[in-house]
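# Notes for the structure review
Now for the letters of each chain:
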Amino acid sequence: MLAVAVPSDELVMASVAGSMAGHGRPWWHLLPFTALTVLLLALPLLALLLFGERADRLLPVFRSWTDRHSWLVSEAVILIFAAFVVADLASGSFSRP
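Please read these numbers as outputs of a predicted model, since none were measured by experiment.

So, about the packing of helix α3 (residues 53–68) against helix α4 (residues 70–91). A packed helix pair is summarised by two numbers, namely the angle formed by the two axes and the spacing between the axes. At a minimum axis separation of 4 Å, α3 and α4 run at an interaxial angle of 75°. By the angle class used here, α3 and α4 are roughly perpendicular. Along its contact with α3, which presents W65, T66, D67 and R68, the element α4 presents S70, W71, L72 and V73. Among the residues making up the contact of α3 with α4, the classes are represented as four nonpolar, two polar and two charged.

This is the structure:
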């Protein structure tokens, strides 16, 4: 339940929703983003359900790796968002004064 109420995640989702609304897209265009977000949040639970005890051993190793290399994860996310902005600028969908 704590993963659902993370303020930074809610801000990201609100900014995506605002971007979609600013581009005049309907609400249902947010469904792929929402589905991907829920899937990413559910990956640890899905791993436990699918792989059982093996996931019990591997998930702490993965968490330890992400703790040690959190800067890589952050940089990857920044690059993804930068790619979205560049693609948006290239398409000319930003409103010009």
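From this point, the narrative continues.
A few words now on the layout of surface pockets. Think of a ball as big as a water molecule: rolled over the atoms, this probe shows where empty space is left. Within this model, the largest pocket holds a volume of roughly 1500 Å³. Of all the elements in the fold, those that place two or more residues in the lining of the largest pocket are α1 (7–22), α2 (31–51), α3 and α4. The element contributing the most residues to the lining of the largest pocket is α2, with ten residues. Tallied by class, the residues present in the lining of the largest pocket amount to 26 nonpolar, seven polar and four charged.

Time to look at the confidence of the model for the chain. Here the chain shows a mean pLDDT of 79. Residues at 70 or above account for 87%. Confidence, expressed as mean pLDDT per element, reaches its minimum in the chain at α1 with 73 and its maximum at α3 with 89.

How each quantity is defined
- Residues numbered from 1 in each chain as written.
- Predicted model: local features only at pLDDT ≥ 70, side-chain atom pairs only at ≥ 80, totals over all residues.
- Heavy atoms only, no water.
- Axes fitted to C-alpha atoms, helices over the stretch in contact; angles between N-to-C directions.
- Helix = DSSP H or I, 4+ residues; strand = E, 2+ residues; numbered from the N terminus.
- Parallel < 35°, antiparallel > 145°, perpendicular 65-115°, else oblique.
- Contact = heavy atoms within 4.5 Å.
- Nonpolar A, V, L, I, M, F, W, Y, C, P; charged D, E, K, R; others polar.
- 1 Å grid on protein atoms, 1.4 Å probe; cavity = no way out; pocket = protein on both sides within 12 Å on 5 of 7 lines; lining within 4 Å.
- Points joined across faces, edges and corners; volume = space filled by probe spheres on them.
- pLDDT = per-residue confidence, 0-100.

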